[in-house]
Amino acid sequence: MQIAFAICIATSGAAAVEQGGSEVLIENFAFQPATLEAKVGERIVFVNRDQVPHSVVGFRNGEEAFRSAEYIDADDAYSVTLDRPGEIVIFCGLHGRMSAKIIVNQ
């Protein structure tokens, strides 16, 4: 029974990203992909694959749109649901040279 339950949880998580969400990996001190196209209402999951902590800060038109906890540890994740169209520039709050962007369409 416990094995079946664990498989169900793993499948649900993958299905959630596939059914209206996208994943952005944080690897080698970079966001992958560097540019992501998404839709309003889509959930974006940032997953830290580095062995050091990172954070995620998003800016739209020069104003902060969202911010993760100060530290996203290795193999931890942060998610955000996009609420309106536009371009969001993403930075790591700990490593300022890391950046990416999300283009949010209707």
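Now for a quick tour of the structure. Bear in mind that the values here come from a model prediction, so they are computed numbers and not experimental data. (Residues numbered from 1 in each chain as written. Predicted model: local features only at pLDDT ≥ 70, side-chain atom pairs only at ≥ 80, totals over all residues. Heavy atoms only, no water.)

The next thing to look at is the packing of aromatic side chains. Going through the model one piece at a time under the given rule, you end up with five aromatic pairs. On the numbers, 6.4 Å between centres and 35° between planes, the contact of phenylalanine 66 with tyrosine 78 is tilted. Placement of the pair is phenylalanine 66 in strand 6 (residues 63-67) and tyrosine 78 in strand 7 (residues 77-81), with a sequence separation of 12 residues. One aromatic cluster is present, built from ring pairs that chain together Phe31, Phe46, Phe66 and Tyr78. (Phe/Tyr/Trp six-rings, centres within 6.5 Å; stacked < 30°, edge-to-face > 60°. Helix = DSSP H or I, 4+ residues; strand = E, 2+ residues; numbered from the N terminus.)

Proteins that are soluble and globular tend to have nonpolar side chains buried together. Counting 20 residues, the largest nonpolar core has Phe31, Ile44, Phe46, Val56, Phe66, Ile90 and Ile102 as the members making the most contacts within it. For this core, the secondary structure elements donating two or more residues are strand 1 (21-27), strand 3 (35-39), strand 4 (43-48), strand 7, strand 8 (86-91) and strand 9 (99-105). Looking at this core, the element that brings in the most residues is strand 9, giving three residues. Phenylalanine 46 has contacts with Val24, Ile26, Phe31, Val56, Phe66, Asp76, Ala77, Tyr78, Val80, Ile90 and Ile102, leaving out every residue within four places of it along the chain. (Core = buried A, V, L, I, M, F, W, Y, C linked by side-chain atoms within 4.5 Å. Buried < 20%, exposed > 50% of the residue type's maximum accessible area, 1.4 Å probe, protein only. Contact = heavy atoms within 4.5 Å.)

Take the sheet that holds strand 1 next. Read across the open sheet, the four strands follow the order 2-1-4-7; overall the sheet is mixed. Of all the strands in the sheet, just strand 2 (30-32) and strand 7 have a single pairing partner and so form its edges. Neighbour to neighbour, the strand axes of the sheet diverge by 20° on average, direction disregarded. Sheet topology note: the strand 1/strand 4 ladder contains six bridges and is parallel. When the bridges of strand 4 are listed, glutamate 23 appears paired with valine 45. (Pairing = 2+ DSSP bridges. Axes fitted to C-alpha atoms, helices over the stretch in contact; angles between N-to-C directions.)

So, on to unusual backbone geometry. A cis amide bond links glutamine 32 to the next residue, proline 33, at an omega of 5°. Phi is positive for asparagine 28, close to 50°, though the residue is something other than glycine. Tracing the backbone shows asparagine 28 in the loop between strand 1 and strand 2. If you check the backbone angles, aspartate 75 has positive phi at about 65° while not being a glycine. By secondary structure assignment, the location of aspartate 75 is in the loop between strand 6 and strand 7.

Looking now at the side chain of serine 55. Turning to its location among the elements, serine 55 is positioned in the loop between strand 4 and strand 5 (57-60). Looking at serine 55, its side chain comes within polar contact range of the main-chain nitrogen of glycine 93, at 2.8 Å. Not counting residues within four places of it along the chain, the set of residues in contact with serine 55 comprises Phe31, Ser68, Ala69, Glu70, Ile72, Phe91, Cys92, Gly93 and Leu94. (Polar contact = N/O pair within 3.5 Å; in protein donor to acceptor, adjacent residues only side chain to side chain.)

This part is about the sheet that holds strand 9. With mixed pairing, the five strands of this open sheet are ordered in space as 3-9-8-5-6. A single partner strand is all that each edge strand has here, and the edge strands are strand 3 and strand 6. Strand-to-strand twist of the sheet, defined as the mean angle between neighbouring strand axes without regard to direction, takes the value 30°. Note that strand 5 and strand 6 share four bridges and pair antiparallel. Opposite phenylalanine 59, over in strand 6, you have glutamate 64 as the bridge partner.

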